[in-house]
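Geometric and topological summary
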Amino acid sequence: MLFAGTGLCLRAQSNDSLQLKDIPVFEQTRYRHTGIVTGFHIQHSLLNDVPTLRYMEIGLASTIHQYGRHGPVSTGFYFSEEIYPGSDPVFGTKLGIFTHFLIDLGFSAVFYTDFKYGNFKLRPEMGIGLGDFRAVVGINIPTIRNRDFYRLQKNYGQISFQYCWPVKKTRIGTERSFYKDLIKKKTAWQ
């Protein structure tokens, strides 16, 4: 077991191992998506003193997806509106950013209002994401005027599910594997 990889190392040091047909080609292709982001969110109070709020979301997103041999890596930003359609509706205007390759990291800034009271919250998010889909948990950090808006005062956490429906897709680049290009240069020198 100790010497199992030795054959590969020794073969890589010989001149006859520089055969391009033996090296797999890995391409990384990048696309820019412009799309419509939709989502469903649940905000719950830790003390159960205010009802659980369930929001729908609609907005615009711009994302970049890079597809390579390890799968898609995505990053993007979006501008959207969270809507609680209850008897006393709440609207949240949101600006967010994210990046993911299975593990999703994001950040949102949201201003909630019912047109009587307002509340601005910052929300770091973490969860899972792949391609155009995200499922994250966020911590609502209260900022200005938190005490004024009692319905949102103690909603410290949020579970979010988002999907971006691509409307326009533009290819912005393709890169070949670094190793294949390096081997081509080395064989050209010989």
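Residues numbered from 1 in each chain as written. Predicted model: local features only at pLDDT ≥ 70, side-chain atom pairs only at ≥ 80, totals over all residues. Heavy atoms only, no water.

Overview of the side chain of histidine 100
- With respect to the helices and strands, the residue histidine 100 is situated in strand β4 (residues 90–113).
- On the accessibility criterion, histidine 100 (2% relative accessible area) is buried.
- A distance of 2.8 Å separates the side chain of histidine 100 from the side chain of aspartate 104, its partner in a polar contact.
- Within the structure, the side chain of histidine 100 is placed 3.0 Å from the backbone oxygen of glycine 131, a separation counted as a polar contact.
- Setting aside residues no more than four positions away along its own chain, histidine 100 makes contact with Pro72, Val73, Ser74, Gly129, Leu130, Gly131, Phe133 and Arg134. (Helix = DSSP H or I, 4+ residues; strand = E, 2+ residues; numbered from the N terminus. Buried < 20%, exposed > 50% of the residue type's maximum accessible area, 1.4 Å probe, protein only. Polar contact = N/O pair within 3.5 Å; in protein donor to acceptor, adjacent residues only side chain to side chain. Contact = heavy atoms within 4.5 Å.)

Digging into the environment of serine 62
- Assignment of secondary structure puts serine 62 in strand β2 (residues 53–68).
- Since its relative accessible area comes to 22%, serine 62 is described here as partly exposed.
- With 16 residues separating them along the chain, serine 62 and tyrosine 78 place their C-alpha atoms 6.3 Å apart.
- Contact partners of serine 62, with chain neighbours within four places excluded, come to Arg32, His33, Thr75, Gly76 and Phe77.

Regarding the side chain of histidine 41
- Examined against the element boundaries, histidine 41 turns out to sit in strand β1 (residues 27–44).
- A polar contact is formed between the side chain of histidine 41 and the side chain of glutamate 57, at a distance of 2.6 Å.
- Of the polar contacts made by the side chain of histidine 41, one reaches the side chain of glutamine 158; its length is 3.3 Å.
- Those residues within four positions of histidine 41 in sequence are excluded, and the remaining contacts are Leu53, Arg54, Tyr55, Glu57, Glu82, Lys94, Gln158, Ile159, Ser160, Phe161 and Gln162.

Remarks on the packing of aromatic side chains
- Tallied over the full model, the rule gives six aromatic pairs.
- Measuring from centroid to centroid gives 5.9 Å for tyrosine 31 and tyrosine 67, while their planes differ by 65°, and the two rings are edge-to-face. Taken together, the positions of tyrosine 31 in strand β1 and tyrosine 67 in strand β2 put the pair 36 residues apart, joining distant regions of the chain.
- Look at tyrosine 31 and you get buried, because its relative accessible area is 18%.
- Here the aromatic rings of tyrosine 163 and tryptophan 165 are separated by 4.5 Å at their centres, their planes lie at 70°, and the arrangement is edge-to-face.
- Each residue in the set Tyr55, Tyr84 and Tyr112 is aromatic and connected to the rest through ring pairs, giving one cluster. (Phe/Tyr/Trp six-rings, centres within 6.5 Å; stacked < 30°, edge-to-face > 60°.)

Side note on the pattern of salt bridges
- This model, assessed by the stated rule, comprises six salt bridges.
- Among the salt bridges present, the one from glutamate 57 reaches lysine 94, with a minimum N-O distance of 3.2 Å. Within this pair, whereas glutamate 57 is found in strand β2, its partner lysine 94 is found in strand β4, the two being separated by 37 residues in sequence.
- Overlapping salt bridges bring together Glu57, Glu82, Lys94, Asp104, Arg123, Glu125 and Arg134 as one network. (Salt bridge = Lys/Arg side-chain N within 4 Å of Asp/Glu carboxyl O.)

Purely spatial values, then, with no claim about function.
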